[in-house]
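Survey of secondary and tertiary structure
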Amino acid sequence: MSFYFCVDPEESSREMISLISRSTWSGSHDWTLYPLPNNNSAAIFFENQKQELKQFDAARKKMRLLLYLILCQCAINNVKTHSASNPNIILMMADDLGIGDLGCYGNRTLRTPNIDKIAEEGVTLTQHIAASPLCTPSRAAFLTGRYPIRSGMAAFSRVGVFLFSASSGGLPSEEITFSKLLKQRGYATALIGKWHLGMNCESSNDFCHHPLNHGFDYFYGLTVTNFRDCKPGQGSVFLKGVQKSLVIPIQIAAITLVSLAVVQYLGLLRISFQALGYCLLIAAMSLASLIFFFHHFRHLNCFLMRGHEIIQQPLSYENLTERLTKEAVQFIRRSSDQPFLLLLSYLHVHTALYASKKFRGKSKHGLYGDAVEEMDWSVGQVLNALEKYSLSHKTLVYFTSDQGAHIEEISSSGEVHGGYNGIYKGGKSMNWEGGIRVPGLLRWSGVIQAGASIDEPTSNMDIFPTIVKLAEAQLPSDRVIDGHDLMPLLQGKVTRSKHEFLFHYCNAYLNAVRWHPANSESIWKVFFFTPNFSPEDSSGCYDSHVCFCHEGFVTQHDPPLLFDLSRDPEEKVPLTPETESRFYEILRVIHLAVDNHTRSLHAVPDQLSWDNLIWKPWLQLCCSSLFQSCYCDYDSERNLVEVHSE
C-alpha cells in the first residue's frame, strides 16, 4: 500500500520525514511526499495529517497492548485449567456428628475454629444429605456414588450395620470406588481411621472386603467401628439386646425341659436320656460360646490394623486421635510430589467417647464436647500440613459426617453422649432431617467460591463423580451412578442442584422421598412410614437405643405424610389436602419417580443378611492366639522407638 502526503517545502519536510520514520507503519509501506504552496491552508492540511499519523501510532500501541493482554489471559486460563484437574483430594468424615455441633452451622458453645475455617474459605452446603442414616450403608454410598440398595449394602433384617470383624459380608469387590479410579490415574491413596465395610469372605486372610482391595494403597485404622464395648467402663451396646433376645429362648427351653421331665416321670412318653443329654449339651455349649464371645468382645473385635496386619489388639484409646492425625500428616508429606487421595475417617464422635489429656474436661459439653474439639484440632493439623508443603491451592478439602447425631446416646451415669442436630427432628437411624442432614464443607483456594453458602439439595454420593471427573478418570458406564458433579454449583456456574429427587431408605425399605421441582423453590418430602418413638413423647427410640424399620417399630402412612421443607424444615406440621391444594398432584409425581427409581434396581446378594452378619470363628483375626487372649501392641512399641530416635 502507498501513502501520499503534501508537505510545506520550507518548514515541515524534516519534521514530517522524522515523524514518518518514527511511525510503526514506516517499515511496511511506500511513502511519497508532494510539496504544497506556502500558505495557511497547506499548514492546516499538514497539521491534520500529522495528527492522523499520531492516532495511527497510538492505535497500533493499543493493538499491541490488547494482544499482550489476550495472550496473558490465555496463559492464565491454561494454568487454571491445569490446576483444576488432578488436584489432591482430602476427605474428612466424622462419625455421628450433628450438624448443629459446628460453629459454621450456628453452634456458639463448642469451639471448632479449624472446621469453621474451611467454611470461611470455601463453600457451606446447608442441605447436604447422607444417603443413609446409618454408618455402613452411608459409607458404601459415599465411596461408590450409588444408593446402598444397589450394592447389597442395605439390610432387610433388623440390624443395618456390621457388628463383628469376623462377619463375611462387606462391600462387594465388583463395586467401583472412587479410590479405585483415582489409583488407576496415578494417585497415591490412603484410608486412615474407620472402614466399617467388611473384611473377609471365606477365610481369615482373603481380605476380600478390606480397604486395600478397594483401591487404597495404605490403611491404618479399624475395619469395624468404635463400640462402647471396646472401652472398659463405658457399658455395652449389646448387653440389653442380648438379654432381651435370650429371655424368651431360655424360658422356652426351660419350660420344654421341665415338661419332658414331667411326661417322662408320669410314663406318658418314653424319652431317651441320651437324646435329652445331647440337647442339654448343645444348649449349654451355645450359651457358653455366647458368653465367651461377649466376655472377650474387646479383644476379638476391637483392634487396630496397618495394611493387612493387626498392630494393636485390643485397641488402646490413649492418644488415638493424635496417632490418626500423625499418620495423615505423614501421608501428606510422603505424597507431596504427586497427586494423592486421603480419606481421614474419624472415630469421633461415635461412642465410646474419648479425648486426649490436653482436651479432656476443656469444653462446655462434657466428654462429647471434648471429642468434638479434639477432632477440630486434628483438622487444623491437616490444614497446616497443606500450608507447610505449599499444597493448599492444589487440594480440594471436604468435611462431613456419615449421618446425624445419635441422640439416644446416654452414658450409664446419665451424661449425654450424643450430639446436636440443630433445629432438625430426629437423629441417627432415622430419615427425619436430623438423621440425614449433615455438614457439607468444601474448600479449594482460587478455584471454588470462598465464603459461599448453597441451600440446594446435595448428597454425599456427589463426591464420587466430583473427584473422579477432577482426576480426569472415566465414570463407570455399566452401572447407575446416583451422585452428580458438584463443581458447577461450587464454582457458581449454576444455581440449581441436579437432584430433582432424592430417595431415603431405612435399611432396604424406601422410607421417604424428597422432590425439588425445577420451577419451584419448594422442597417436598413425603414419608411412607415413620419410626415409633419410645417413650412416645420423646424425639427418639431411647428404649431400643436406635429406631428400627420393621412392623411393630414403625407406623405406615396412607396417604403419605407430606412436608414442604422450604417452609417447615423442622418437619413439624404435615400438609393435608385442605392446607395444600396440590397435595394429590405432588404425591402423583413422587409415586411416578418412585416407580422409575424402582425399575432401575436389580437384585444383588444381601451383604447384611443374618448369614453375613453373624460371627464366624474361622474368620476371626488374632495377632497372637486365643489362648493369649489375642493380645499385641506393636503400634505403641513403634511410637516408642520413634520418640527415642528423635
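Residues numbered from 1 in each chain as written. Predicted model: local features only at pLDDT ≥ 70, side-chain atom pairs only at ≥ 80, totals over all residues. Heavy atoms only, no water.

Bringing the state of the cysteines into the picture now. Per the counting criterion, the structure on display carries six disulfides. Two residues, Cys 541 and Cys 547, share a disulfide whose sulfurs are 1.9 Å apart. Handedness of the Cys 541-Cys 547 disulfide follows from its S-S torsion of about 95°: it is right-handed. The same class applies to Cys 541 and to Cys 547, which are both buried. Residue Cys 622 pairs covalently with Cys 630 via a disulfide, S to S 2.0 Å. Taking the torsion about the sulfur-sulfur bond, which here is approximately -120°, the covalent link between Cys 622 and Cys 630 counts as left-handed. (Disulfide = S-S within 2.5 Å. Buried < 20%, exposed > 50% of the residue type's maximum accessible area, 1.4 Å probe, protein only.)

Further remarks concern the nonpolar core. In this structure, Leu 91, Met 92 and Phe 399 are the most contacted members of the largest nonpolar core, which totals 118 residues. Tallying contributions element by element places helix 10 (residues 366-388) first for this core, with 10 residues. Ignoring anything within four residues of it in the chain, the contact list for Phe 399 reads Met 92, Ala 94, Leu 97, Leu 102, Ile 115, Ile 118, Met 375, Val 379, Pro 439, Gly 440 and Leu 441. Among the nonpolar cores identified, the runner-up in size contains 32 residues, and Ile 149, Val 513, Phe 529 and Cys 549 belong to it. (Core = buried A, V, L, I, M, F, W, Y, C linked by side-chain atoms within 4.5 Å. Helix = DSSP H or I, 4+ residues; strand = E, 2+ residues; numbered from the N terminus. Contact = heavy atoms within 4.5 Å.)

Direction vectors running N to C along helix 9 (residues 320-334) and helix 10 enclose 15°, while the axes themselves pass 10 Å from each other. One element, helix 9, and the other, helix 10, form an angle in the roughly parallel class. The hand of the helix 9/helix 10 crossing is right-handed. Where helix 9 abuts helix 10, its residues Thr 321, Glu 322, Thr 325, Ala 328, Val 329 and Ile 332 lie against Glu 374, Trp 377, Ser 378, Gln 381, Val 382, Ala 385 and Leu 386. Its residues assigned to classes, the contact of helix 9 with helix 10 shows seven nonpolar, four polar and two charged. (Axes fitted to C-alpha atoms, helices over the stretch in contact; angles between N-to-C directions. Parallel < 35°, antiparallel > 145°, perpendicular 65-115°, else oblique. Left-handed = near helix turned anticlockwise from the far one by under 90°. Nonpolar A, V, L, I, M, F, W, Y, C, P; charged D, E, K, R; others polar.)

Reported here for the second largest pocket is a volume of approximately 400 Å³. Along its surface, the second largest pocket is lined by 20 residues, and Glu 322, Arg 323, Thr 325, Lys 326 and Trp 377 are the ones closest to its centre. Of all the secondary structure elements, the ones that give two or more residues to the lining of the second largest pocket are helix 9, helix 10 and helix 16 (634-645). Top contributing element to the lining of the second largest pocket by residue count: helix 9, with seven residues. (1 Å grid on protein atoms, 1.4 Å probe; cavity = no way out; pocket = protein on both sides within 12 Å on 5 of 7 lines; lining within 4 Å. Points joined across faces, edges and corners; volume = space filled by probe spheres on them.)

A few words on helix 12 (residues 463-470). The buried count for helix 12 comes to seven of eight residues, which makes it a mostly enclosed element. Along helix 12, the residues that are buried comprise Ile 463, Phe 464, Pro 465, Thr 466, Ile 467, Val 468 and Leu 470. Positioned one or two residues after helix 12, Glu 472 has a phi angle of 60°, which is positive.

Looking now at the pairing of strand 5 (residues 188-194). Of all the seven residues making up strand 5, seven are buried; the element is thus mostly covered by neighbouring parts of the structure. Bridge count for strand 5 against strand 9 (residues 340-345) is six bridges, and the pairing is parallel. Residue Ala 190 lies in a different strand from strand 9, and its bridge partner there is Leu 342. Judged from the five bridges that link them, strand 5 and strand 6 (residues 218-222) form a sheet pairing that is parallel. Each bridged residue has a counterpart across the sheet, and for Leu 191 the counterpart in strand 6 is Phe 219. (Pairing = 2+ DSSP bridges.)

Peptide bonds are trans in most cases, and residues, glycine excluded, mostly fall at negative phi. Between Thr 351 and Ala 352 the backbone carries a cis peptide bond, its omega angle lying at 15°. Along the chain, Ala 352 turns up in the loop between strand 9 and helix 10. Put simply, Asp 558 and Pro 559 share a cis peptide bond, and its omega is 5°. Counting through the fold element by element, Pro 559 comes out in strand 17 (residues 554-564). Here Phe 207, not a glycine, exhibits a phi torsion of approximately 50°, which is positive. Take Phe 207: it is sitting in the loop between strand 5 and strand 6. Notably, Glu 571 is not glycine yet its phi reads approximately 55°, a positive angle.

Take helix 4 (residues 135-144) next. Owing to its 3.6 residues per turn, the α-helix aligns residues three or four sequence positions apart on the same side. Most of helix 4 sits out of view: 10 of its 10 residues are buried. What helix 4 keeps buried is the set Cys 135, Thr 136, Pro 137, Ser 138, Arg 139, Ala 140, Ala 141, Phe 142, Leu 143 and Thr 144. In this structure, the buried residues of helix 4 make contact with strand 3 (88-94), helix 5 (178-184), strand 5, strand 9, strand 10 (395-401) and helix 12. Positive backbone phi, at 70°, marks Gly 145, one or two positions downstream of helix 4.

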